[in-house]
Amino acid sequence: MNTATAFINSLMAAISNCSLYKSDHPSVDSYVKKAFGLLTQFFDKGETLEILIIEDELVINKNPIKNGGLHIAGFIKRMKRKGISRIDFVKGISISELKALVVDLAEQAREVKAYPHIKTGIIDVSLTDRAEEALDEETFNGVASTQVEHLREIYNDVSLFKPINIAGLEEIVINFLITLRREAYILRLLSPVRSYSEYTYTHATNVAILSMFQAESLGFSGKLLHEIGIAALLHDVGKLFVSQEVLEKRGRLEKPEFEEIKKHPIYGANYLSRIEGLTPLATIVALEHHLKYDGSGYPTINRKQHLCSQIVAISDFFDALRSIRPYRRALEAKEILAMMKTRASKDFNPFLLDNFSKILLMTLRRK
Ligand SMILES: [Fe+2]
Ligand SMILES: [Fe+2]
């Protein structure tokens, strides 16, 4: 067992004992002491300890913890209940600070306080950070930005009573294909997220680029390659029919709000299925992009997820995580890939994921 896992196990044992007995019970102190000892091992190596909870995964110092066992699962659950998705332990921490954290976490009703060497918070999508924008702007090639604009115009025209501009979408896809052949470093083609209102378009274009990149490497060409690009551009179109207020809400969503968001695949498929001349693949992908490889996910459909939906689901997840900025640190491509790997066969088609990871890492090396 590595030090990180051992640390969480001791910390969680201290928390459980603290909930069961009282905070001054000797078993609590002994586990806190053990956890503290393990924590100092990180500092001795000059490292800090960064713990992220992303969906149901624990990521410690950029490494996802695989098959963590009961303590890890319990820890994730407890953090989620407290609304915490990030903890940083910084050098200089005292054993009494660690113990105070244990007491805070052990009691349901208790808020986790701020400590000088322990920083807790949420992985927030911070979209208004100026420094981040400037950085992204520099690395962003700009080729895709015209297409984002173009897609915005097309999306602005979407209404239940109007068909979508298919020729416009086709044009975007062709431009992406040209760009994909020119730019070896694919991540540079992805647009940074500047604001919530722009997320819809930037995300859609990013998912289209990533999906076409995958499809081409798998041997898709001609009409089918275009169609997957169009389907990817429209995968989230159903979100345009979800209330703005719910979509743009910061922080935790209430259950009915989440249920409303979960309807976007059905809204999208309904809308797209009625558009004459549009590839049926767009309807399929819109409906299935939140399905998982093992058949779970939403909406409940009694059939296997289409291969193109599996491709788009991989691009979708990758881009969504790329846009998360926990305390201004964007997750690196390698981290996201490592995390996705722990979900292969369950959430994602393992063959497609393996391929995605290989082609993306190849371009990273070429950078
Ligand atoms: Fe979606
Ligand atoms: Fe999406």
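S.K.: How would you summarise the overall build of the chain if you had to cite specific residues and measurements?
M.R.: Regarding its fold elements, the chain presents 16 helices and five strands. The buried share of the chain, taken over its 367 residues, is 37%. Here the contacts in the chain between residues at least 6 apart in sequence split such that 69% fall between residues at least 24 apart.

S.K.: Any details on helix α14 (residues 307-322)? Residues and values, ideally.
M.R.: Taking 1.5 Å per residue as the helical rise, α14 with its 16 residues ought to reach 22 Å, and the 23 Å between its terminal C-alpha atoms agrees with that figure. With respect to burial, α14 is a largely interior element, 13 of its 16 residues being buried.

S.K.: Just give me the short version of helix α7 (residues 166-182), but keep the residues and values in it.
M.R.: The terminal C-alpha atoms of α7 lie 25 Å apart, and with 17 residues this matches the ideal 24 Å at 1.5 Å per residue to within 8%. Buried residues of α7: Leu169, Ile172, Val173 and Phe176, and no others. In an axial view of α7, the angular spread of the buried residues amounts to 100°, which keeps them on one side of the axis. Turned more than 90 degrees away from the buried face of α7 sit Ala167, Ile174, Ile178, Arg181 and Arg182, all of them exposed.

S.K.: Describe unusual backbone geometry, and please don't skip the residues or the numbers.
M.R.: Residue Tyr298 is joined to Pro299 through a cis peptide bond whose omega torsion reads -10°. Turning to its location among the elements, Pro299 is positioned in the loop between α13 (280-288) and α14. Although it is not a glycine, Ser345 sits at a positive phi angle of roughly 75°. Among the secondary structure elements, Ser345 is positioned in the loop between α15 (333-341) and α16 (350-366).

S.K.: Summarise the pairing of strand β2 (residues 57-60); cite the residues concerned and give the values.
M.R.: Looking at chain direction, strand β1 (residues 49-54) and β2 are connected through four bridges and run antiparallel. Counterpart to Ile54 in the pairing with β2 is Glu57. Here two bridges tie β2 to strand β3 (residues 63-64), and the two strands are oriented antiparallel to one another. When the sheet's bridge partners are listed, Val59 is paired in β3 with Pro64. What sits between β2 and β3 in their antiparallel hairpin is a turn of two residues, with Asn61 showing a positive phi close to 45°.

S.K.: I'd love a proper account of the sheet that holds strand β5 (residues 118-121), names of residues and values included.
M.R.: If you trace the five strands from one edge of the open sheet to the other, you get β3-β2-β1-β4-β5, paired in antiparallel fashion. Each edge of the sheet is formed by a strand with only one pairing partner; in this case those strands are β3 and β5. The sheet contact formed by β1 and strand β4 (residues 86-89) spans four bridges and is antiparallel. From the neighbouring strand, Leu49 faces β4, where its bridge partner is Phe89.

S.K.: Outline the packing of helix α9 (residues 222-233) against α14, listing residues and values.
M.R.: As a packed pair, α9 and α14 sit with axes 10 Å apart at the nearest point and diverge in direction by 50°. Our classification of the angle between α9 and α14 gives oblique. Crossing of α9 over α14 shows right-handed handedness. Contacts between α9 and α14 involve Ile228, Ala231 and Ala232 from the first element and Cys308, Ile311, Val312 and Ser315 from the second. Of the residues in the contact of α9 with α14, the class split is six nonpolar, one polar and no charged.

Reading guide: rules and limits
- Residues numbered from 1 in each chain as written.
- Chains lettered and ligands numbered in written order.
- Predicted model: local features only at pLDDT ≥ 70, side-chain atom pairs only at ≥ 80, totals over all residues.
- Helix = DSSP H or I, 4+ residues; strand = E, 2+ residues; numbered from the N terminus.
- Buried ≥ 20, exposed ≤ 12 C-beta atoms within 10 Å, placed from the backbone.
- Contact = placed C-beta atoms within 7 Å.
- Expected span 1.5 Å × (residues − 1).
- Arc of directions from axis to C-beta.
- Pairing = 2+ DSSP bridges.
- Axes fitted to C-alpha atoms, helices over the stretch in contact; angles between N-to-C directions.
- Parallel < 35°, antiparallel > 145°, perpendicular 65-115°, else oblique.
- Left-handed = near helix turned anticlockwise from the far one by under 90°.
- Nonpolar A, V, L, I, M, F, W, Y, C, P; charged D, E, K, R; others polar.

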